[in-house]
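Secondary and tertiary structure notes
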Amino acid sequence: MPKPTKMIIDTDPGVDDAMAILYAAHDPAIELLGLTTVFGNVPVQKATRNALRLCDLAGLDIPVAEGAARPSVVAPLDPAEAARIHGAEGFGPVPPQTPQRTPTPEDAADFMASMARRYRGEVTLCAIGPITNVAEALRRHPDFAANIAKIVFMGGAAQVPGNVTPYAEANTYQDPHALAEVLASGIPTLMVGLDVTMQTTGSRADFAALAKRHPDHCGFLQRPSDEYIGIYEERGLPGCGLHDPAAVIACVAPDLFNTSKIPLSVVLKGPEIGRTLPGVGATTAVCAGVDAQQLEERFFSMFG
Ligand code: BDR
Ligand code: CA
């Protein structure tokens, strides 16, 4: 069996973030070094609280480092916008709960940089929220770009419309300047955008079956995912996009994706702000296609 991939998940939990983290906690191909949190689906203090709660739930004894409370340059979104999708507390209708653990004294950018330094060339950073902390790590730590092995981010939309505006996906919309810095950094980067994450879906029946098989861990996902799926059903879709789980799975099962290396940039102003633009910019690997059936099977068979 190959050595598991050392991974940090940078996250704004978030319903699909919860799916991704619980998945990562149970995939033997992944060695989670820690979670870092960022504003996005909820304000950062709630993201940290939710990340700690997921660690309690999954029995994950790993550091959780809090990160950015606001975007690098643009004004933050009204939290009510994200609350329409993820609920005011992040997990839809599930009430908040005080976690048993506390966050690390080190913040997200410092934590990423120190892990990348300790395990030089071995750490995959999977960013499933606005990519603000990663840009901050680049600014603060000149050795970070050379030490981190690769960045896989959930965000963007290359050939399909956005989900917050007709052009932009939510994570890239919320901090396009941070993404521009990451793309220009020279770090090998893989974009897992709406092109593939909207093809990989989970239905109410899928989550109900998962909860029945594993009530202790996956039971938690059922209520939030039910509401989350409702939003997709209103748009005529049979289930929710497995956005953040797809990015985590892309870190350890790249063969499930068709990927091309293309020039990529992000629009920094105007009506198309946050749009990921193929054809101009630094060479970036972009997922263009996915074996959706295999990815869904891998995700829903988590816990064996
Ligand atoms: C992305 O935005 C957030 O709402 C989700 O958690 C995911 O990371 C999907 O566009
Ligand atoms: Ca997310």
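Here, the structure is the one placed above.
Notes on the structure follow. Positions within a chain are numbered from 1, following the residues in the order the chain's sequence is written. Chain A is the first chain written and ligand 1 is the first ligand written, with later ones labelled in order. Reporting in this predicted model follows two pLDDT cut-offs: at least 70 for local features of residues, and 80 or more for side-chain atom pairs to be given and counted; totals over whole chains, interfaces and linings ignore these cut-offs and use all residues. Heavy atoms throughout the structure, all of them, feed into the side-chain values; hydrogens and water do not.

**What about the nonpolar core?**
By nonpolar core is meant a set of buried Ala, Val, Leu, Ile, Met, Phe, Trp, Tyr and Cys residues that side-chain atoms within 4.5 Å join together. Remark: exposure states derive from per-residue accessible area (1.4 Å probe, protein chains only) relative to the maximum for the residue type, with buried under 20%, exposed over 50%, and partly exposed in between. Among the nonpolar cores identified, the biggest contains 60 residues, and Ile9, Val192 and Phe207 are the most heavily contacted of them. For the purposes of this entry, the term helix denotes a DSSP run of H or I that reaches at least four residues, the term strand denotes a run of E that reaches at least two, and both are numbered from the N terminus. The greatest single-element share of this core, amounting to eight residues, is contributed by helix H1 (residues 15–26). By definition in these notes, contact holds between two residues if any of their heavy atoms fall within 4.5 Å. Ignoring any residue separated from it by four or fewer positions in sequence, one finds Ile9 in contact with Ile21, Ala24, Leu32, Gly34, Leu35, Thr36, Cys126, Ile128 and Val248. If you look at the next biggest cluster of nonpolar residues, it comprises 31 residues, including Ala65, Ala116, Val123 and Ile148.

**Details of the coordination of the calcium ion (ligand 2)**
Think of the donor list as every N, O and S atom within 2.8 Å of the metal, or within 3.2 Å for Na, K and Ca; water never makes the list, so a site can look incomplete. Here the calcium ion (ligand 2) is held by the protein donor atoms Asp12 (OD), Asp17 (OD), Asp17 (OD), Ile128 (O) and Asp244 (OD), which lie 2.2 to 2.6 Å from it. Spacing between the donor residues of the calcium ion (ligand 2) along the chain follows D-x4-D-x110-I-x115-D. Asp17 carries the same exposure label as Asp12, and that label is buried.

**Here's the deal with the environment of Gln100**
Secondary-structure assignment places Gln100 in the loop between helix H3 (79–86) and helix H4 (108–118). For Gln100 and Cys55, which are 45 residues apart along the polypeptide, the C-alpha to C-alpha distance reads 9.2 Å.

**Looking at H4**
Burial analysis of H4 places eight of its 11 residues in the buried class, which makes it a mostly covered element. Here H4 has its buried residues at Ala108, Ala109, Phe111, Met112, Ala113, Ser114, Met115 and Ala116. Buried residues belonging to H4 abut strand S1 (5–11), strand S2 (30–37), strand S3 (64–66), strand S4 (123–127), helix H5 (132–140) and helix H6 (144–147). Pairs of N or O atoms within 3.5 Å make up the polar contacts considered here, provided that, within protein, one atom can donate a hydrogen while the other can accept it, and that residues adjacent in sequence are counted only when both atoms are side-chain atoms. If you check the start of H4, you find a side-chain oxygen 3.3 Å away from the backbone N of Ala109, and it comes from Asp107.

**Quick look at the packing of aromatic side chains**
Whether two aromatic rings pair depends on their centres lying within 6.5 Å, for rings of Phe, Tyr and Trp, where Trp uses its six-membered ring; planes under 30 degrees apart make the pair stacked, over 60 edge-to-face, and the rest tilted. Under the counting rule described, the total for this entry stands at six aromatic pairs. Consider the rings of Phe91 and Phe220, whose centres lie 5.2 Å apart with planes at 90°: the pair is edge-to-face. Taken as a pair, Phe91 in the loop between H3 and H4 and Phe220 in helix H11 (residues 215–234) lie far apart in primary sequence, 129 residues in all. Residue classification places Phe91 among the buried positions, given a relative accessible area of 1%. Given the relative accessible area of 12%, Phe220 is considered buried. Residues Phe207 and Phe299 carry aromatic rings whose centres are separated by 6.3 Å and whose planes lie at 65° to one another, so their mutual orientation is edge-to-face. With a gap of 92 residues between them, Phe207 in helix H10 (residues 204–213) and Phe299 in helix H13 (residues 292–300) connect regions that are remote in the sequence. Phe299 shares its class with Phe207; the two are buried.

**Some thoughts on the sheet that holds strand S11 (residues 282–290)**
Two strands in a sheet stick together by hydrogen bonds in their backbones, pointing the same way (parallel) or opposite ways (antiparallel). In short, DSSP must find at least two bridges between two strands for them to pair. Strand order in the open sheet formed by nine strands is S3-S2-S1-S4-S5-S6-S11-S9-S10, and the pairing between neighbours is mixed. Of all the strands in the sheet, the pair left with one neighbour each is S3 and strand S10 (276–278). Averaged over neighbouring strand pairs, the angle between their axes works out to 30° when direction is ignored. When strand S9 (residues 257–266) meets S11, the two strands line up antiparallel, connected through eight bridges. Bridged to Lys261 within S11 is Ala285. As a rule, the C-alpha atoms of each element are fitted with a line to give its axis, helices using only the stretch in contact, and angles between N-to-C directions run from 0 to 180 degrees. Strands in contact with H4 are S1, S2, S3 and S4; relative to S2, the strand with the most contacts, it is inclined by about 155°. Each of strand S5 (150–154), strand S6 (189–192), S9, S10 and S11 is contacted by helix H8 (residues 176–183), which is oriented at about 110° to S9, the strand it contacts most.

**Looking at H13**
Counting along an α-helix, one turn takes 3.6 residues, and residues three or four places apart therefore face a common direction. Considered for burial, the residues of H13 that qualify are Ala292, Leu295, Phe299 and Phe300. Buried residues in H13, looked at end-on, bunch into an arc of 120°, giving them a common side. Of all possible arcs, the one meant is that of the directions from the helix axis to the C-beta atoms.

**Considering the pattern of salt bridges**
The salt bridge criterion pairs a side-chain nitrogen of Lys or Arg with a carboxyl oxygen of Asp or Glu, the two atoms within 4 Å. Here the structure, examined in full by the defined rule, presents 17 salt bridges. For Arg101, the salt bridge is made with Asp56, and the minimal N-O distance between the two is 2.8 Å. You can see Arg101 sitting in the loop between H3 and H4 and its partner Asp56 sitting in helix H2 (residues 44–58), a full 45 residues away along the chain. What makes Arg101 partly exposed here is its relative accessible area of 26%. The closest approach of N and O atoms between Arg117 and Asp143, which form a salt bridge, is 2.6 Å. Placement of Arg117 in helix H4 and of Asp143 in the loop between H5 and H6 is noted, with a sequence separation of 26 residues between them. Linked by salt bridges that have partners in common, Asp107, Asp110, Glu136, Arg139, Arg140 and Glu181 make up one network.

**Side note on the pairing of S6**
Side chains on a regular strand alternate between the two faces of the sheet. Side chains Thr189 and Met191 of S6 all project onto a buried face; the interleaved residues Leu190 and Val192 project onto the opposite face, where all are buried too. For S5 and S6, the ladder comprises four bridges, and the chain directions are parallel. Paired with Met154 across the strands is Val192, a residue of S6. With two bridges joining them, S6 and S11 adopt parallel strand pairing. Bridged to Met191 within S11 is Val286.

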